[in-house]
Amino acid sequence: MTDIKSMNFEELKEKLVAMGEKEFRAAQIYEWMHRKLCGGFDEMTNISIPLREKCKESFSFCTLRAVDRRESVDGTCKFLFELPDKNVIESVLMKYHHGNSVCISSQVGCRMGCAFCASTIGGLTRNLLPSEMLEQIYEITKISGERVSNIVVMGTGEPFDNYDNLIRFLEMISDVRGLNISGRNLTISTCGIVPRIKEFADGGFTANLALSLHAPNDALRQKLMPVARAYPLTEILSAMDEYYQKTGRRLTFEYSLISGVNDSAAQARELSSLIKGRNCLVNLIPVNEVKEREFKRSHAKNIENFKNILEKNRINVTIRREMGSDIDAACGQLRKSYMDKGVNRE
Ligand code: SAH
């Protein structure tokens, strides 16, 4: 059966016409799914019952089920969603003054193997479908009763390791027939897969691109991130520059500060000279401690010092506001504790 929520409008129209239906039915059904966020064909009240039945026979209708939910004192809410095949994924709702932001997962697990990250511990199970990426936002919109204005693809998984589904997701979330979220409110975070960054630059997108940098040189980056062995920083940065030239979107570099590993004054200076001259923002993230990993977060004074050095070099810096550290909001932690419990129960 075809996954109807992963079909874009044109495909849905073609398919319905091939089934002998009028074209306008596609607009109605698409709107039910992607704007009214309905929960199934039976809620489509302006669609005849025989057509609803026909749709049930031809299409699967993806919905996610919230199986756990943790709310932090700061209002951040982490959701654990069960997929149709019973795998579980995490999504996070963050409330800011300027609106609600949702962080979605792009894969079940991850195969990138970053040393500090909990999402990659069990490896990659599978890619998420476009419908499963959309559904994380749709379910959170329904549960919270509030509009989602920003989306960051920074949850579990490497979005550029699931490229085609990611592109389809971006097209559908920014479709005027759906939630119509513009590129400037979408951010993709990548560990730096060069061919995909270039392809994305050529794709005519306007999303923000964030690179997980975490080290000021290849030697250290290779220790923290296995993907760095495939792509040196010079190639990654030139692909990022290409993205900037084609889109005009300010680049973001994410840098998780790990005590004694990448947080010295010398490393701050090295980072400054690596990225200088770019229209960019460095997002410093005190590393979230993961119980399976030995890394410790940097001391407050080292974080401040690191930031000051970058600023002296005229680099825009923010220290990520810590959100949800009381609810295992670090990548993959809630999912992992849920799965560990499942294993223990058996
Ligand atoms: N695979 C993508 C997106 C997912 S991770 C990427 O690599 O960018 C989102 C961000 O959180 C990345 O910058 C990642 O390196 C970082 N991250 C993962 N585990 C972390 C931890 N324990 N503490 C701080 N940041 C972490």
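Remember, predicted model here, so these are calculated numbers, not experimental data. (Residues numbered from 1 in each chain as written. Predicted model: local features only at pLDDT ≥ 70, side-chain atom pairs only at ≥ 80, totals over all residues. Heavy atoms only, no water.)

J.: So what's going on with the pattern of salt bridges? Which residues, and what values?
T.: Applying the stated criterion across every chain, the model contains 27 salt bridges. With its nearest N and O atoms 3.3 Å apart, the salt bridge here joins Glu 82 to Arg 65. Linking Glu 82 in strand S4 (residues 77-82) with Arg 65 in strand S3 (residues 65-71), this pair joins segments that are 17 residues apart in sequence. Given the relative accessible area of 48%, Arg 65 is considered partly exposed. Here the salt bridges do not stand alone but share partners, grouping Glu 10, Lys 13 and Glu 23 into one network. (Salt bridge = Lys/Arg side-chain N within 4 Å of Asp/Glu carboxyl O. Helix = DSSP H or I, 4+ residues; strand = E, 2+ residues; numbered from the N terminus. Buried < 20%, exposed > 50% of the residue type's maximum accessible area, 1.4 Å probe, protein only.)

J.: If you had to explain helix H3 (residues 49-58) to someone new, which residues and values would you point to?
T.: The periodicity of an α-helix, 3.6 residues per turn, causes residues three or four positions apart to be oriented the same way. For H3, the complete set of buried residues consists of Leu 51, Arg 52 and Cys 55. Seen from one end, H3 has its buried residues packed into an arc of 105°, which puts them on one side. Facing away from the buried side of H3 by over 90 degrees, the exposed positions are Ile 49, Pro 50 and Glu 57. Packing partners of the buried residues in H3 comprise helix H2 (24-34) and strand S2 (59-60). (Arc of directions from axis to C-beta. Contact = heavy atoms within 4.5 Å.)

J.: Describe the site of the ligand, listing the residues and the values that go with them.
T.: The environment of the ligand is made up of 18 residues, and the closest members are Glu 158, Ser 189, Ser 212, His 214 and Asn 288. Between the ligand and the protein, one listed contact pairs a nitrogen atom with a backbone N or O atom of Phe 116 at 3.0 Å. A distance of 2.5 Å separates an oxygen atom of the ligand from a polar atom in the side chain of Ser 212. Sorting the residues of the shell around the ligand by element identifies strand S10 (186-190) and strand S12 (251-257) as the ones contributing at least two each. (Near = heavy atom within 4 Å. Polar contact = N/O pair within 3.5 Å; in protein donor to acceptor, adjacent residues only side chain to side chain.)

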